[in-house]
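Spelled out, the chains give:
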Amino acid sequence: LALHLAADGCLITWANTIVLNKRLDSADGPAWYFVGAGLSSVALLSWFAAMLPARPWLRWARANPVALLGAVTVAIFAQIIGIYARNLWTPLSASTVWAVGLLLRMLGQTTVVEAGAARVGTTHFAVTIAMGCSGLEGIGLISVFVAGYLWFCRRELRFPASLILLPAGVVSIWFLNVVRIAALILIGAWSERVAVDGFHTVAGWLFYTVAACGIVVVSRRSPIFSRTEPQPRRLAAPNPASVYLAPMLTIL
């Protein structure tokens, strides 16, 4: 535990050095990167060792080599995909700006659009769409979610019809992101603080949850996608899980 805390302290110092001095942009950037990777590994392994001795972890690794290798492979693949996905930023931001402007005009607003600067809004409030708000993250998340859903529930779903859920999820999350940005602009015209400090920070994951749950619900209830017959509605028995979920729901 002491080693873990020490590694955490060094990792925080490393992160502050990188952020404040931008050392990754200099010639010795790769060296700084490997320092961070090494500290992260020490922090992670020492945390595991603080919870359990090394022998149970080694026994688990020997018993589950496929799961361990699969997790490492997925993590590396996701990182590579994330790097190359940045190339989609320019066309995606342009389409998002255009769609937000169109939606605002449909709502009777006078729009201000600067496609080159990825800036869109009204005469009262405008926003600059950053990479994190372009829809790339949402598309990546929903793609992973739907792909996992198709795999784990493959026995309950009809194929190849269910494959359409993947592009449907991508389109739906992109459209919901457009709605989110348009709503942010409209709220900002009323209160900038509510828009930036309130709606902006929570709307993304709320819309993502709506899209993910909507795909599951629609596919489960539609005979086009589901193999199982819908069950008749009955009076549900009290669910004891609601008591344990109440604190989390209160916090949300």
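Residues numbered from 1 in each chain as written. Predicted model: local features only at pLDDT ≥ 70, side-chain atom pairs only at ≥ 80, totals over all residues. Heavy atoms only, no water.

### Quick word on the overall build of the protein
Argument step 1. Within the protein, the secondary structure is distributed over 9 helices and 3 strands.
Argument step 2. Reading the secondary structure of the protein in the N-to-C direction produces α-α-α-α-α-β-β-β-α-α-α-α.
Argument step 3. For 252 residues, the compact-globule estimate of 2.2 N^0.38 gives 18 Å, and the protein exceeds it by more than 25% at 23 Å.
Argument step 4. Across the 252 residues that make up the protein, the buried fraction comes to 24%.
Argument step 5. Considering only intrachain contacts with a sequence separation of at least 6, the fraction spanning at least 24 residues in the protein is 61%.
Argument step 6. A total of about 17300 Å² of accessible surface is found on the protein, and carbon and sulfur atoms cover 71% of it. (Helix = DSSP H or I, 4+ residues; strand = E, 2+ residues; numbered from the N terminus. Rg over C-alpha atoms; globule rule 2.2 N^0.38 Å. Buried < 20%, exposed > 50% of the residue type's maximum accessible area, 1.4 Å probe, protein only. Contact = heavy atoms within 4.5 Å. Areas by Shrake-Rupley, 256 points an atom, 1.4 Å probe, with all protein chains shown as cover.)

### Some points on the sheet that holds strand 1 (residues 111-114)
Argument step 1. Ordered by their spatial adjacency, 3 strands build an open sheet running 1-2-3, and the pairing between neighbours is antiparallel. Where the open sheet ends on each side, the last strands, each with one partner, are strand 1 and strand 3 (126-128). Going across the sheet, the axis of each strand differs from the next one's by a mean of 10 degrees, ignoring polarity.
Argument step 2. Bridge analysis of strand 1 against strand 2 (residues 119-122) gives 4 bridges, and the strand direction is antiparallel. The residue of strand 2 that forms the bridge with Thr-111 is Thr-122.
Argument step 3. Sheet strands in contact with helix 5 (residues 89-106) are strand 1 and strand 2, and its direction is about 10 degrees off that of strand 2. (Pairing = 2+ DSSP bridges. Axes fitted to C-alpha atoms, helices over the stretch in contact; angles between N-to-C directions.)

### Considerations on the nonpolar core
Argument step 1. Val-100, Val-120, Val-127, Ile-129, Ile-181 and Ile-185 are the most contacted members of the largest nonpolar core, which has 17 residues in total.
Argument step 2. For this core, the elements supplying multiple residues, two or more each, are helix 5, helix 7 (165-190) and helix 8 (192-221).
Argument step 3. Here this core gets 5 residues from one element, more than from any other, and that element is helix 7.
Argument step 4. In terms of nonpolar packing, the next biggest core, distinct from the first, is built from 16 residues, Leu-136, Tyr-149, Leu-165 and Ile-215 among them. (Core = buried A, V, L, I, M, F, W, Y, C linked by side-chain atoms within 4.5 Å.)

### Structural notes on the packing of aromatic side chains
Argument step 1. This model, assessed by the stated rule, comprises 1 aromatic pair.
Argument step 2. With a centroid separation of 4.8 Å and an interplanar angle of 35 degrees, the aromatic rings of Phe-48 and Trp-57 are classed as tilted.
Argument step 3. Here Phe-48 falls in the partly exposed class, since its relative accessible area comes to 29%.
Argument step 4. Sitting over the face of the ring of Trp-151, Arg-154 holds its NZ or CZ atom 3.9 Å from the ring centroid. (Phe/Tyr/Trp six-rings, centres within 6.5 Å; stacked < 30°, edge-to-face > 60°. Lys NZ or Arg CZ within 6 Å of the ring centre and 35° of its normal.)

### Some thoughts on the environment of Phe-48
Argument step 1. Considering the arrangement of structural elements, one finds Phe-48 in helix 2 (residues 29-51).
Argument step 2. Taking the C-alpha atoms as reference, Phe-48 lies 9.3 Å from His-4; in sequence the two are 44 residues apart.

### Overview of the pairing of strand 2
The side chains of a regular strand alternate between the sheet's two faces.
Argument step 1. Counting the residues in the hairpin turn of strand 1 and strand 2 gives 4 residues, including Ala-118, whose phi is positive at 55 degrees.
Argument step 2. Here strand 2 pairs with strand 3 via 3 bridges, running antiparallel. Bridged to Arg-119 within strand 3 is Thr-128.
Argument step 3. The turn linking strand 2 back onto strand 3 is made up of 3 residues.

### Section: unusual backbone geometry
Argument step 1. In this chain, Phe-159 is followed by Pro-160 through a cis amide linkage whose omega measures 10 degrees.
Argument step 2. Structurally, the position occupied by Pro-160 is in the loop between helix 6 (136-152) and helix 7.
Argument step 3. Despite not being glycine, Ala-118 has its phi angle at roughly 55 degrees, a positive value.
Argument step 4. Looking at the element boundaries, Ala-118 is found in the loop between strand 1 and strand 2.

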